[in-house]
Amino acid sequence: MLKPLGDRVVLKVEEKEQKVGGFVIAGAGQDATKEATVIAVGQGIRTLNGDLVAPSVKPGDKVLVESHAGIEVKDQDEKFLIVGEASILAIVE
């Protein structure tokens, strides 16, 4: 399993599909944001004083993330997205 460092977050992106006239169009390529599930979070980021600021998200949270943010990685047979916490726009409740 992947363990992110600092303020990075590992996400599992939920793929959406749209059908237009019988053609399937990938939703991730069309939207400005993606919906994803948080798989793992780093310990947080340190301030200039050395204080640790904990992440705002936790594993299991559903979030909205910027469409072109992060780096896609493959761990065994699954694809994940590693992003900085700043690329997460909102927690979906």
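Data block above holds the structure.
As the structure is a prediction and not an experimental result, all values here were calculated from the model.

Here we come to the pattern of salt bridges. Counted by the stated rule, this structure contains 3 salt bridges. The closest approach of N and O atoms between Lys-58 and Asp-61, which form a salt bridge, is 3.1 Å. According to the relative accessible area criterion, Lys-58 is exposed, its value standing at 51%. Owing to a relative accessible area of 11%, Asp-61 belongs among the buried residues under this scheme.

Below, the discussion takes up the sheet that holds strand 1 (residues 8–13). Across a sheet, paired strands are connected by hydrogen bonds in the backbone, their directions being either parallel or antiparallel. Pairing in this open sheet of 6 strands is antiparallel, and the strands run 8-9-1-4-7-10 from one edge to the other. Of all strands in the sheet, those with a lone pairing partner are strand 8 (71–75) and strand 10 (88–92), marking the two edges. Strand after strand, the sheet turns through a mean of 45° between neighbouring axes, direction not considered. Relative to strand 9 (residues 78–84), strand 8 runs antiparallel, the two sharing 5 bridges.

The next point concerns the nonpolar core. Buried together is how nonpolar side chains tend to be arranged in soluble globular proteins. Residues Val-9, Leu-11, Val-13, Ala-36, Val-38, Val-57, Val-63, Val-65, Ala-69, Leu-81, Val-83 and Ile-88 constitute the largest nonpolar core, which totals 12 residues. Breaking this core down by element, the ones donating at least two residues are strand 1, strand 4 (33–41), strand 7 (62–66) and strand 9. It is strand 1 that provides the largest number of residues to this core, a total of 3 residues. Once residues lying within four places of it in the same chain are set aside, the contact partners of Ala-36 are Leu-11, Lys-12, Val-13, Glu-14, Asp-61, Lys-62 and Val-63.

With that settled, consider the pairing of strand 7. Summarising the sheet, strand 4 and strand 7 pair through 5 bridges and their orientation is antiparallel. Looking at strand 7, one finds that Ala-36 is bridged to Val-63. Across 4 bridges, the pairing between strand 7 and strand 10 is antiparallel. By the bridge assignment, Leu-64 is partnered in strand 10 with Ala-90.

Sheet faces and side chains relate simply in a regular strand, where the side chains alternate between the two faces. Strand direction decides the pairing type here: strand 1 and strand 9, joined by 4 bridges, are antiparallel. Note on strand 9: the bridge partner recorded for Leu-11 is Leu-81. Where strand 8 hands over to strand 9, the hairpin turn is made up of 2 residues, of which Gln-76 adopts a positive phi near 60°.

We now examine the environment of Glu-93. Considering the arrangement of structural elements, one finds Glu-93 in the segment after strand 10. It is 8.6 Å that separates the C-alpha atoms of Glu-93 and Val-63, two residues lying 30 residues apart in sequence.

About the thresholds
- Residues numbered from 1 in each chain as written.
- Predicted model: local features only at pLDDT ≥ 70, side-chain atom pairs only at ≥ 80, totals over all residues.
- Heavy atoms only, no water.
- Salt bridge = Lys/Arg side-chain N within 4 Å of Asp/Glu carboxyl O.
- Buried < 20%, exposed > 50% of the residue type's maximum accessible area, 1.4 Å probe, protein only.
- Pairing = 2+ DSSP bridges.
- Helix = DSSP H or I, 4+ residues; strand = E, 2+ residues; numbered from the N terminus.
- Axes fitted to C-alpha atoms, helices over the stretch in contact; angles between N-to-C directions.
- Core = buried A, V, L, I, M, F, W, Y, C linked by side-chain atoms within 4.5 Å.
- Contact = heavy atoms within 4.5 Å.

No statement about biological role is implied by the geometric values presented.
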